[in-house]
Amino acid sequence: MNSDDRRACYDLALRDARAADRRDYAAFRDVFTPDGQLSGHMGDPATAPALYTMDGIAQIEKAMAGLERYARTLHVVANQLVDDDGRGETYCVAHHVYRDDDGSWMNYTMFIRYLDRFAKTPAGWRIAERRLAIDFHQRAPLGETLPE
């Protein structure tokens, strides 16, 4: 895998974050392979069972619509390392803003790693398999108002 390939894989992580934050669910078709798989784990996927598993882009798109329960999200993609065999690890801090039961704004922040298997397709690089590892998380108040 050369530096252009690695950059393309990093761009996938950025496009995935943008698709989630903009609620552009169709954009996930340009991130995952048609038969892509996505699973989420509370901790290391090697030892933590899957909280959820999605098979195929239709399931992934449908599941991402679950983000609608948040007023806003902000996924901040950080470092990424991709091996020559097309396996990568990407760090992300994902903020999820919502109203608590008492009406105050809250931020649920997940500190996650994406453990990906990338595949080169005729349309370019795509994620064939993603295991999302939630390493730790926190909830904190945001304040009384949320800018429009």
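Structure: above.
The rules behind these values
Residues numbered from 1 in each chain as written. Predicted model: local features only at pLDDT ≥ 70, side-chain atom pairs only at ≥ 80, totals over all residues. Heavy atoms only, no water. Helix = DSSP H or I, 4+ residues; strand = E, 2+ residues; numbered from the N terminus. Expected span 1.5 Å × (residues − 1). Buried < 20%, exposed > 50% of the residue type's maximum accessible area, 1.4 Å probe, protein only. Arc of directions from axis to C-beta. Core = buried A, V, L, I, M, F, W, Y, C linked by side-chain atoms within 4.5 Å. Contact = heavy atoms within 4.5 Å. Pairing = 2+ DSSP bridges. Axes fitted to C-alpha atoms, helices over the stretch in contact; angles between N-to-C directions. 1 Å grid on protein atoms, 1.4 Å probe; cavity = no way out; pocket = protein on both sides within 12 Å on 5 of 7 lines; lining within 4 Å. Points joined across faces, edges and corners; volume = space filled by probe spheres on them. Nonpolar A, V, L, I, M, F, W, Y, C, P; charged D, E, K, R; others polar.

S.K.: Summarise helix α1 (residues 3-22); cite the residues concerned and give the values.
M.R.: Note: α-helices contain 3.6 residues per turn, so residues at a spacing of three or four share the same orientation. If you check α1, its first and last C-alpha atoms are 28 Å apart, about what 20 residues at 1.5 Å a residue would give, namely 28 Å. Buried within α1 are the following residues: D5, C9, L12, A13, D16, A17, A19 and A20. Taken end-on, α1 shows its buried residues confined to a sector of 165°, consistent with a single buried face. In α1, the exposed positions angled more than 90 degrees off the buried face are occupied by S3, D4 and R22.

S.K.: Account for the environment of A17, naming residues and giving values.
M.R.: Along the chain, A17 turns up in helix α1. With 59 residues separating them in the primary sequence, A17 and V76 have C-alpha atoms 7.4 Å apart.

S.K.: Tell me what's going on with the nonpolar core, and back it up with residues and numbers.
M.R.: Nonpolar side chains in soluble globular proteins generally cluster together in the buried interior. Formed by 30 residues in total, the largest nonpolar core has its most connected members in F28, F32, I60, I112 and F118. No other element matches the six residues that strand β5 (residues 105-121) contributes to this core. Residues within four places of F118 in sequence aside, it is in contact with C9, L12, Q80, V82, G86, G88, W125, R126, I127 and A128.

S.K.: Go over the sheet that holds strand β1 (residues 32-41), please, and point to the residues and values.
M.R.: Strand order in the open sheet formed by six strands is β2-β1-β6-β5-β4-β3, with mixed pairing between adjacent strands. Every interior strand has two partners, whereas the edge strands, β2 (50-55) and β3 (72-82), have only one. Across the sheet, the mean angle separating the axes of adjacent strands is 20° when strand polarity is ignored. Note: β5 against strand β6 (residues 124-143), 17 bridges, orientation antiparallel. Across the sheet, residue F111 finds its bridge partner in β6, namely F136. Strands β1, β3, β4 (87-99), β5 and β6 of the sheet are contacted by α1, whose axis makes an angle of about 165° with β3. Of the strands in this sheet, β1 and β2 touch helix α2 (residues 57-64), which is tilted by about 50° from β1.

S.K.: I'd love a proper account of the layout of surface pockets, names of residues and values included.
M.R.: Empty pockets left among the atoms are what a rolling probe the size of a water molecule brings to light. Put simply, the largest pocket is a space of about 520 Å³. If you list the elements that add at least two residues to the lining of the largest pocket, you get α1, β1, β2, α2, β4, β5 and β6. Examining the composition of the lining of the largest pocket, we find that four residues originate from one element, β5, more than from any other. Partitioned by chemical class, the residues of the lining of the largest pocket number 19 nonpolar, three polar and three charged.

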